[in-house]
There are 4 protein chains.
Amino acid sequence: MSLKQQKHSIRTDLAIEAHQMLVGEVDREIPGVQVETEEKERLRISRVHISSPEAEQRMGKQQGKYITLEAPGLRQKNTELQDMVSRQFTKELLSMVELADNSSVLIVGLGNWNVTPDALGPRVVKDLLVTRHILALEPETLGEGFRAVSAISPGVLGITGVETGEIIQGLVEKVRPDLLIAVDALAARSLTRLHTTIQIADTGITPGSGVGNKRLKISHETIGIPVIAVGVPTVVDAVTIADDLTSHLLEAIMREAGPESPVYKVIQSIAEGDRRAVMSEVLEPYGGRLMVTPKEIDTLVEDTAKLLAGGLNAALHPAIQSADSGKYLH
Amino acid sequence: MSLKQQKHSIRTDLAIEAHQMLVGEVDREIPGVQVETEEKERLRISRVHISSPEAEQRMGKQQGKYITLEAPGLRQKNTELQDMVSRQFTKELLSMVELADNSSVLIVGLGNWNVTPDALGPRVVKDLLVTRHILALEPETLGEGFRAVSAISPGVLGITGVETGEIIQGLVEKVRPDLLIAVDALAARSLTRLHTTIQIADTGITPGSGVGNKRLKISHETIGIPVIAVGVPTVVDAVTIADDLTSHLLEAIMREAGPESPVYKVIQSIAEGDRRAVMSEVLEPYGGRLMVTPKEIDTLVEDTAKLLAGGLNAALHPAIQSADSGKYLH
Amino acid sequence: MSLKQQKHSIRTDLAIEAHQMLVGEVDREIPGVQVETEEKERLRISRVHISSPEAEQRMGKQQGKYITLEAPGLRQKNTELQDMVSRQFTKELLSMVELADNSSVLIVGLGNWNVTPDALGPRVVKDLLVTRHILALEPETLGEGFRAVSAISPGVLGITGVETGEIIQGLVEKVRPDLLIAVDALAARSLTRLHTTIQIADTGITPGSGVGNKRLKISHETIGIPVIAVGVPTVVDAVTIADDLTSHLLEAIMREAGPESPVYKVIQSIAEGDRRAVMSEVLEPYGGRLMVTPKEIDTLVEDTAKLLAGGLNAALHPAIQSADSGKYLH
Amino acid sequence: MSLKQQKHSIRTDLAIEAHQMLVGEVDREIPGVQVETEEKERLRISRVHISSPEAEQRMGKQQGKYITLEAPGLRQKNTELQDMVSRQFTKELLSMVELADNSSVLIVGLGNWNVTPDALGPRVVKDLLVTRHILALEPETLGEGFRAVSAISPGVLGITGVETGEIIQGLVEKVRPDLLIAVDALAARSLTRLHTTIQIADTGITPGSGVGNKRLKISHETIGIPVIAVGVPTVVDAVTIADDLTSHLLEAIMREAGPESPVYKVIQSIAEGDRRAVMSEVLEPYGGRLMVTPKEIDTLVEDTAKLLAGGLNAALHPAIQSADSGKYLH
């Protein structure tokens, strides 16, 4: 059906959204996709496992494991909930990787620090407890319970002139970490997910996703070590919202008119072409570069970055109890 | 017609847009509204004069003069065009006020510096050549050709807990300037206007407009001195875009179906209610706090602020030639 | 004695330092100055009361009460100590003012946000829980236990062209608060005090002190309501350090030589003139505008601002327990 | 002589200062060091060539060429002088390197963006015209006259946990540029040089110099391509100033007393030990981490960065006339 057919091209970086869109359509299980959901107070955890090439194809998401934490309450400032989600994030992250006591981890903050909704990765890096150099030079100042963590925000292609993937490759060859964690701002399909959903995936960062300009894939295959991708949606593309709005609207009209009515048929026949023409007429001047964000975007990015940084610090350094991970923020 | 009736509630801070929406509808002149247009290379200047209470009512804009500079080329980085627009802005601003050599001017940068698209006013203030204290204390260091300029960015209600209008009233009573110029980010109806249109008005700042929370009117009546409002659109409300999209779409369908078709009648009858339901379903989670901006918003606000500050510096200080007004930016 | 005579001109904004310098010299009590000291673990609290015009004259500090909290440990990042000092700061602040449940308080962040060590006041304001507008418009969203707090960072004379005192006067006439709290960065004489000492005074802000350009006094006399000044030293003037260094050095030489030696007499006779000539030769190019700060100044100002904002929030809003005052930071 | 002996340990990153200190002492030419000076209106250009291992040893500076531009007028805001110095900087830079039309250049902004005086390198990078990716992907959008420029601000060891030199090595292996230009904030010995002197050197960046923590040398030897270091002094170590002050002072006393006097001998005998004790007593609390900067450091770093970025853009892209290099900033 015309209104639905287009949906797969709608951009989302979240496996859980891709799954919901498919399931909503076919109304049954998708072979090669296992989904498991756990409800906690004010927090839902979903674990999506894409395990066949066919499922990868249909979902438009790489094979691998995706864990999603959803806490709609994060939209309101609530320190207690932030702490709770941060602790659960730590737990889920640790469930996805195997870390030895002396594992070395490199954290990469992807994105453009000059564009607020794309600045999440660099902002997280700012609040990390970086220890690699201390453990190498004067380990006694730290004591027990710290892993060697290094971190960088390489910028985006438009800032450096160099593919981010190349910078990371070069760095990994020098630093030789056991694990890479890439933090990035994501694009979602639904406004309700902005700053309320965290995705952890063991698939690497798929090129072309995200807000900025990243093109070379960063994954186990390309850099030779496991890659965990951590992301939070900070924008919805204006085109996505426009598509949503018009789909909903036309469906409502068709529903009301009934499948036998001429209205139904007219809309069904003309809708897609018109929708595209109209959307391009309205949104064209800025091309694909328009985004929809909440007005409090600056504060929301700041809060989300603190939550992720606190969770990462606790996950990587056993000495840090998640409860007081703020203590080590510099 | 249902699709049109709602349009007046669509938010725009630009008189020229309000006029275009009305003219588009009635297809003729509006009594009490004079419009004059001048085309220059890459720049169109419009002068709208609203001169009757009826016209004020119909336009949804206060009686007074509105000058609009439109330069679509500003969307691309172009220093030469910026300089040209800045010079024309200086000229138009001076056409609206009568300044004696010893006039004292207070410039107020409205808006919230923590919210990028609302930070235009504070950013302009940052680049102004402020001279009031130098003229009072050591005028010889400046030489001839400078007026007493003071400037403040008072913040917004949510930051200060005080109505911005009250802060300004208090300040005007102390500083006793001859003229107040208020600079603010505006909301437009059309995406093409973002960062490409400058409005200068002698009507003061109407309460409730703009991106932030401003409620007490700042005008000749409320503060006792002439008030010039300078603004540039930096956002379009997500609701405006949604309304635009759906109006265009449904109109296209109706046009195609023809006025005699049942489709036409069905859509005409159900459209408005459905549109509202659909929009609120999609946009509701963030209430009215969603905005659409170009991704380069940070850079665009910076560039627009420099253009306005340069133009204001040249307008207020005869010693500054617009050409090298950058020289006095600190 | 020549080396000592000059000391009174050394700039410090701290009453406790002024007192120590005097006491060090005369080695006895100063009439009209009561000093009381309390030692806590990792925190010393001093209460200086200057109660006669003569004492005011000798101390170079206005009559009134000065409370000083000294916690050298704050130089190292230590969340626990920060919390403890913040709670004690709340307590001492409340001991100095009488607040009714419905008292309204205006907090002013003095200083220049463009100059890191002078940005303390504006940074504190950024983290305050501002409630005046909420209590006026929708008090039910807050619940019990909140006072009407408003806040502003007016900037400095060089930015606004207006005396900060005038801006405050205008604002106080509009807002009509019961109490004004002014937060400012201070200059100390001793490097050890940077970011480790908090001074609370009920004397207002003396013109000419601080890092920036403040000239009109903000006090009970000038604005008609009680004024509490809260400050933390963030810089030492380069001249102060130079003076310290050379005094110490020459004293050491004289001590070694002995009072009967010709060296002693020569140094005693020539020291002051030479010192001044040498200092002006070395420091002159930047006039009085040189400052000495730790390299981590950016982080230290941030941490100090959080400590003060947390303490102020807890002091003014009974609903906030100091322990979780961070919860209300936006 | 004791007062002089210590001088070589005084830290300066400027070859011209190292030379002046030596020449001041020995009062004659230094073998293996050629110095050539050119005076222009408001600008002095010095070219120091260190050409023997002995000279390297004595100067405490690596063998190679050092060009210094000195323009004391830069301390005052002066757009015209800035432009003139920027153009000369372009010229001198080009005199030091051989660039083919298709040479590829990597610019590295060294230093810590969180510490204002150390943020010069990253600030310069922000204003560079980066073209490598455009020339690779869509060269037609640029036209003729642009070289492939890439740029990165890698951060400092304390932020990344990785030696900056290692990050650069990894990057150079991937990007394979023909030339590396490293921009860094320097430490000077003299306050008059802050933000008024530019040094260009073909020797690479010596480890341990600068404000931040850089330890691995970045030079032709370590990374395999020519390295040009560009730097501007932004701080003087507090210890340097202290040393200066006390040296000058004691010398003045000795001069006045005369070489036959007991004062002279006493000071000569005790000076150094005492000076060190006194300095450590006064400066110790913050260890070596104290710096002296002008209060306008934020603005000065901004202006200096613009000057260097404009000069680099003009040097690397023939299409850019230095006169309007601002046109291509971001």
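In this text the structure is predicted, and so the values were computed from the model without any measurement.

Asks: Teacher, can you tell me more about the overall build of chain A here?
Replies: Each helix and strand in chain A was counted, giving twelve helices and nine strands. The 330 residues of chain A split such that 62% are buried. A sequence separation of at least 24 residues applies to 73% of the contacts in chain A between residues at least 6 apart. Only carbon and sulfur atoms are counted for the fraction: they give 48% of the accessible area of chain A, which is about 12,600 Å².

Asks: Help me out: how do you make sense of the side chain of Glu-17 of chain C in this one?
Replies: Residue and element names in this part refer to chain C. One can find Glu-17 in helix 2 (residues 15-26). A distance of 2.7 Å separates the side chain of Glu-17 from the backbone nitrogen of Arg-189, its partner in a polar contact. Not counting the four nearest positions on each side in its chain, Glu-17 is found in contact with Thr-12, Ala-188, Arg-189, Ser-190 and Arg-193.

Asks: How should the confidence of the model for chain A be read in this particular structure?
Replies: Predicted coordinates in regions of low pLDDT should not be interpreted in detail. Residue and element names in this part refer to chain A. Averaged over all residues, the pLDDT of chain A is 83; the fraction at 70 or higher stands at 82%. This stretch, residues 1-9, has a pLDDT under 50; its non-local contacts, to residues over four places away or in other chains, come to 21 contacts. Throughout residues 207-214 the model reports pLDDT below 50, and contacts reaching past four residues in sequence, or to other chains, amount to 24 contacts. Quick note on the complex model: pTM equals 0.83, ipTM equals 0.85.

Asks: Help me understand the pairing of strand 7 (residues 197-201) of chain B in this model?
Replies: Consecutive residues of a regular strand have side chains that alternate between opposite faces of the sheet. All names here are of chain B. Of all five residues making up strand 7, five are buried, and the element is well covered by its neighbours. By the alternation rule, side chains of strand 7 split into Thr-197, Gln-199 and Ala-201 and Ile-198 and Ile-200, which are all buried. In terms of strand pairing, strand 3 (residues 64-70) meets strand 7 through five bridges, oriented antiparallel. Each residue of the ladder has a partner; that of Leu-69, found in strand 7, is Ile-198. The sheet contact formed by strand 7 and strand 8 (residues 227-237) spans three bridges and is antiparallel. Residue pairing for strand 8: Ala-201 is matched across the bridge by Ala-229.

Asks: Would you mind showing me how to read the environment of Val-115 of chain B here?
Replies: The residue Val-115 of chain B is located in the loop between strand 4 (104-109) and helix 5 (120-126) in this model. Contact partners of Val-115 of chain B, with chain neighbours within four places excluded, come to Lys-295 and Asp-298 of chain A.

Asks: Mind showing me how you'd approach the packing of helix 8 (residues 164-175) of chain B against helix 8 (residues 164-175) of chain C here?
Replies: Where helix 8 of chain B meets helix 8 of chain C, the closest approach of the two axes is 8 Å, and the angle between their N-to-C directions is 125°. In this view, helix 8 of chain B runs oblique relative to helix 8 of chain C, as classed from their interaxial angle. The two elements helix 8 of chain B and helix 8 of chain C meet at a crossing, and its hand is right-handed. Of helix 8 of chain C, the residues touching helix 8 of chain B (which contributes Glu-166, Ile-167, Gln-169, Gly-170, Leu-171, Glu-173 and Lys-174 of chain B) are Glu-166, Ile-167, Gln-169, Gly-170, Leu-171, Glu-173 and Lys-174 of chain C.

Asks: Explanation requested: the pattern of salt bridges in the structure shown.
Replies: Opposite charge on two side chains allows them to pair when their charged atoms are near. Applying the stated rule across the entire model yields 47 salt bridges over all chains. Glu-39 of chain A serves as the salt-bridge partner of Arg-44 of chain A, at 3.2 Å between the closest nitrogen and oxygen. With relative accessibility at 35%, the residue Arg-44 of chain A sits in the partly exposed group. Of the charged contacts, one joins Glu-173 of chain D and Lys-174 of chain A as a salt bridge, the two residues approaching to 3.2 Å between their closest N and O atoms. Within this pair, whereas Glu-173 of chain D is found in helix 8 (residues 164-175), its partner Lys-174 of chain A is found in helix 8 (residues 164-175), the two belonging to separate chains. Note on Glu-173 of chain D: relative accessible area 35%, which makes it partly exposed.

Asks: For this particular structure, what's the right way to read unusual backbone geometry?
Replies: Glycine aside, a negative phi is what most residues show, and trans is what most peptide bonds show. In this model, Arg-176 of chain A sits at a positive phi of 50°, which is unusual for a non-glycine residue. We note that Arg-42 of chain C has phi near 60°; this positive angle belongs to a residue other than glycine. Its relative accessible area of 40% is what places Arg-42 of chain C among the partly exposed residues.

Asks: Just checking my understanding: could you explain the pairing of strand 4 of chain B for this structure?
Replies: Residues and elements named next belong to chain B. Counting buried residues along strand 4, six of its six residues qualify, which places the element largely inside the surrounding structure. What you see with strand 4 is no split at all: Ser-104, Leu-106 and Val-108 on one side and Val-105, Ile-107 and Gly-109 on the other are buried throughout. For strand 4 and strand 5 (residues 148-152), the ladder comprises five bridges, and the chain directions are parallel. Across the sheet, Val-108 pairs through a bridge with Ile-152, a residue of strand 5. Where strand 4 lies against strand 6 (residues 179-188), five bridges are found, and the strand directions are parallel. Residue pairing for strand 6: Ile-107 is matched across the bridge by Ile-181.

Asks: Would you explain helix 8 of chain C in this entry?
Replies: All names here are of chain C. Over its twelve residues, helix 8 runs 16 Å from end to end, which matches the ideal 16 Å to within 8%, given 1.5 Å per residue. In terms of burial, helix 8 is largely enclosed, as ten of its twelve residues are buried. Taken from the residues just after helix 8, Arg-176 is the one with a positive phi, measuring 50°.

Asks: Explain the side chain of Asp-298 of chain D here, please?
Replies: For Asp-298 of chain D, the position within the fold is in helix 12 (residues 297-316). Buried and without a salt bridge, Asp-298 of chain D has Arg-123 of chain D as its closest oppositely charged side chain, separated by 9.5 Å. In contact with Asp-298 of chain D, not counting residues within four places along its chain, are Asn-114, Val-115 and Thr-116 of chain C together with Thr-116 of chain D.

Asks: I would appreciate a short explanation of the packing of helix 4 (residues 79-96) of chain A against helix 12 (residues 297-316) of chain A in the present structure.
Replies: What describes two packed helices is the angle between their axes and the distance between those same axes. Residue and element names in this part refer to chain A. Look at helix 4 against helix 12: their axes get within 8 Å of each other, and the N-to-C directions meet at 45°. Taken together, helix 4 and helix 12 sit at an angle that is classed as oblique. Crossing handedness for the pair helix 4 and helix 12: right-handed. Counted together, Gln-82, Val-85, Ser-86, Phe-89, Thr-90, Leu-93 and Leu-94 of helix 4 and Asp-303, Leu-307, Leu-308, Gly-310, Gly-311, Leu-312, Ala-314 and Ala-315 of helix 12 form the full contact between these two elements.

Asks: Even after reading the chapter, I still don't get the environment of Glu-140 of chain C, so can you show me in this structure?
Replies: In this structure, Glu-140 of chain C sits in the loop between helix 6 (132-137) and strand 5 (148-152). Using a relative accessible area of 60% as the deciding quantity, one classes Glu-140 of chain C as exposed.

What counts, and at which threshold
- Residues numbered from 1 in each chain as written.
- Chains lettered and ligands numbered in written order.
- Predicted model: local features only at pLDDT ≥ 70, side-chain atom pairs only at ≥ 80, totals over all residues.
- Heavy atoms only, no water.
- Helix = DSSP H or I, 4+ residues; strand = E, 2+ residues; numbered from the N terminus.
- Buried < 20%, exposed > 50% of the residue type's maximum accessible area, 1.4 Å probe, protein only.
- Contact = heavy atoms within 4.5 Å.
- Areas by Shrake-Rupley, 256 points an atom, 1.4 Å probe, with all protein chains shown as cover.
- Polar contact = N/O pair within 3.5 Å; in protein donor to acceptor, adjacent residues only side chain to side chain.
- pLDDT = per-residue confidence, 0-100.
- Pairing = 2+ DSSP bridges.
- Axes fitted to C-alpha atoms, helices over the stretch in contact; angles between N-to-C directions.
- Parallel < 35°, antiparallel > 145°, perpendicular 65-115°, else oblique.
- Left-handed = near helix turned anticlockwise from the far one by under 90°.
- Salt bridge = Lys/Arg side-chain N within 4 Å of Asp/Glu carboxyl O.
- Expected span 1.5 Å × (residues − 1).
- Lys, Arg positive; Asp, Glu negative; His and termini not counted.

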